[in-house]
Amino acid sequence: MIRRSSTKKTGTTNPSASADLSRTASGKAVTKELERIGQLFNSYANRATNMIEPEGIEALCSDLGVDHTDVRILMLAWKMKSEKQGYFTLDEWQVGLKSLHADTIAKLKKALAGLVNEVRKPSNFLDFYSYAFRYCLTEEKQKSIDTESICELLDLVLGSQFSPQVSSLVEYLKCQNDYKVINMDQWMGFFRFCNEISFPDLKNYDPDLAWPLILDNFVDRMKVQKR
């Protein structure tokens, strides 16, 4: 009788054990990353409030080599889902930096360029644009923003993409006297206008459609100036 050869082989690896080791290593890497993100947070946070406050954000901007008014800082706040202008909580910081895979200033500085491209995708930009308005609502139950601040925000958020439209809108907002504040509906209307309306001829602008009245007035003024 021929003996059956042993099915036991030496040197083989248990797939289940390998998967467990891989998960353990991955888990440790994530933990280490979160630790470094937390340490970075602590270097800018106010220990008394456990938040990064305006002074800490200015220090962060200095280390990143960007101005605190740079649109990339607003994009970073959007990525963090920051709820209060000029303040980052630890949870917000962790959400943002983890998604950017940035646990050092060098990595965060590099990630900002990629963040700009991410925000500019049509699928993301509308959300970012509406977030920019909400982020500037600094008081409880506040629903509108003064026109001076809106002019700055328009230029910051849309100026690079729609320079002629934004310049004309800002000029109009500064010289008109009917509106002292702008609400979300008007703010979103500005974006829709820049995206949909032929400029500067305005040929496809139909005042009978659901445009905010402020844009009807703006278009009327533009047409008068052309005469």
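Right above here is the structure, for reference.
Residues numbered from 1 in each chain as written. Predicted model: local features only at pLDDT ≥ 70, side-chain atom pairs only at ≥ 80, totals over all residues. Heavy atoms only, no water.

*Asks:* Help me understand the overall build of the chain, please; the structure alone is not making it clear to me.
*Replies:* Counting its secondary structure elements, the chain contains 10 helices and 4 strands. Order of helices (α) and strands (β) in the chain, N terminus to C terminus: α-β-α-α-β-α-α-α-β-α-α-β-α-α. Counting all 227 residues of the chain, 39% fall into the buried class. Considering only intrachain contacts with a sequence separation of at least 6, the fraction spanning at least 24 residues in the chain is 64%. Accessible surface, the chain as shown: approximately 14,000 Å² in total, 50% of it carbon and sulfur. (Helix = DSSP H or I, 4+ residues; strand = E, 2+ residues; numbered from the N terminus. Buried < 20%, exposed > 50% of the residue type's maximum accessible area, 1.4 Å probe, protein only. Contact = heavy atoms within 4.5 Å. Areas by Shrake-Rupley, 256 points an atom, 1.4 Å probe, with all protein chains shown as cover.)

*Asks:* What is the right way to read unusual backbone geometry from this model?
*Replies:* Trans peptide bonds make up most of the peptide bonds, and negative phi angles are found at most residues other than glycine. In the segment running from F199 into P200, the intervening peptide bond is cis, with an omega of 10 degrees. Mapped onto the secondary structure, P200 falls in the loop between α9 (184–196) and α10 (213–226). One non-glycine residue, H101, lies in positive phi territory at about 55 degrees. With phi around 65 degrees, K141 is a residue other than glycine that occupies positive phi space.

*Asks:* Can you help me understand the environment of T69 in this one?
*Replies:* Relative to the helices and strands, T69 is located in the loop between α2 (54–64) and α3 (71–80). Each C-alpha atom, one on T69 and one on E152, is 10.0 Å from the other, the two residues being 83 residues apart in sequence. Side chain to side chain, T69 and D67 meet in a polar contact 2.5 Å long. (Polar contact = N/O pair within 3.5 Å; in protein donor to acceptor, adjacent residues only side chain to side chain.)

*Asks:* Please explain helix α6 (residues 122–135) as it appears in this structure.
*Replies:* One full turn of an α-helix is made of 3.6 residues, so residues set three or four places apart face in the same direction. With 14 residues, α6 extends 20 Å from end C-alpha to end C-alpha; this agrees with the ideal 20 Å at 1.5 Å per step. When α6 is considered as a whole, its buried residues turn out to be F125, F128, Y129, S130, Y131, A132, F133 and Y135. (Expected span 1.5 Å × (residues − 1).)

*Asks:* What is the right way to read a negative patch on the surface from this model?
*Replies:* Judged by side-chain charge, D146, E148, E152 and D155 come together as a negatively charged surface patch. Ranked by the residues each element gives to the negative patch, the list is headed by helix α7 (residues 147–158), at 3 residues. Within the element layout of this structure, E148 appears in helix α7. Its relative accessible area of 59% is what places E148 among the exposed residues. (Patch = residues over 30% accessible without salt bridge, like charges linked within 9 Å, V, L, I, M, F, W, Y side chains within 5 Å. Salt bridge = Lys/Arg side-chain N within 4 Å of Asp/Glu carboxyl O. Lys, Arg positive; Asp, Glu negative; His and termini not counted. Charge placed at Lys NZ, Arg CZ, Asp CG, Glu CD.)

*Asks:* What exactly am I supposed to notice about the pattern of salt bridges here?
*Replies:* Side chains that carry opposite charge are capable of pairing whenever their charged atoms lie near each other. Going through the model one piece at a time under the given rule, you end up with 6 salt bridges. The salt bridge involving K79 is made with E118; its shortest N-O contact spans 2.6 Å. Residue K79 is found in helix α3, and its partner E118 is found in helix α5 (residues 105–119); the two are separated by 39 residues along the sequence. Residue class for K79 comes out buried when judged on its relative accessible area of 15%. By relative accessible area, E118 is classed as partly exposed at 23%. Connected through salt bridges with shared partners, the residues R36, D103 and K107 form a single ionic network.

*Asks:* Can you help me understand the packing of aromatic side chains in this one?
*Replies:* The description of two aromatic rings rests on the distance between their centres and on the angle between their planes. For the coordinates displayed, the defined rule picks out 17 aromatic pairs. Ring centres of F125 and F128 lie 5.9 Å apart, and the angle between their planes is 55 degrees; this geometry places the pair in the tilted category. Of this pair, F125 and F128 both sit in helix α6, 3 residues apart, which is roughly one turn of the helix. In terms of burial, F125 and F128 fall into one category: buried. An aromatic cluster is built from W78, F125, F128, Y129, F133, W187 and F191, whose rings are joined through pairwise contacts. Here K84 stacks its cationic end above the ring of Y87, 4.4 Å away from the centre of that ring. (Phe/Tyr/Trp six-rings, centres within 6.5 Å; stacked < 30°, edge-to-face > 60°. Lys NZ or Arg CZ within 6 Å of the ring centre and 35° of its normal.)

*Asks:* Can you walk me through the state of the cysteines in this structure?
*Replies:* Covalent bonding between the sulfur atoms of two cysteines is what defines a disulfide. Across all of its chains, the model carries 0 disulfides by this definition. For C175, which is in no disulfide, the shortest distance to another cysteine sulfur is to C151 and amounts to 9.8 Å. (Disulfide = S-S within 2.5 Å.)

Geometric descriptors of this kind do not, in isolation, establish any biological role.
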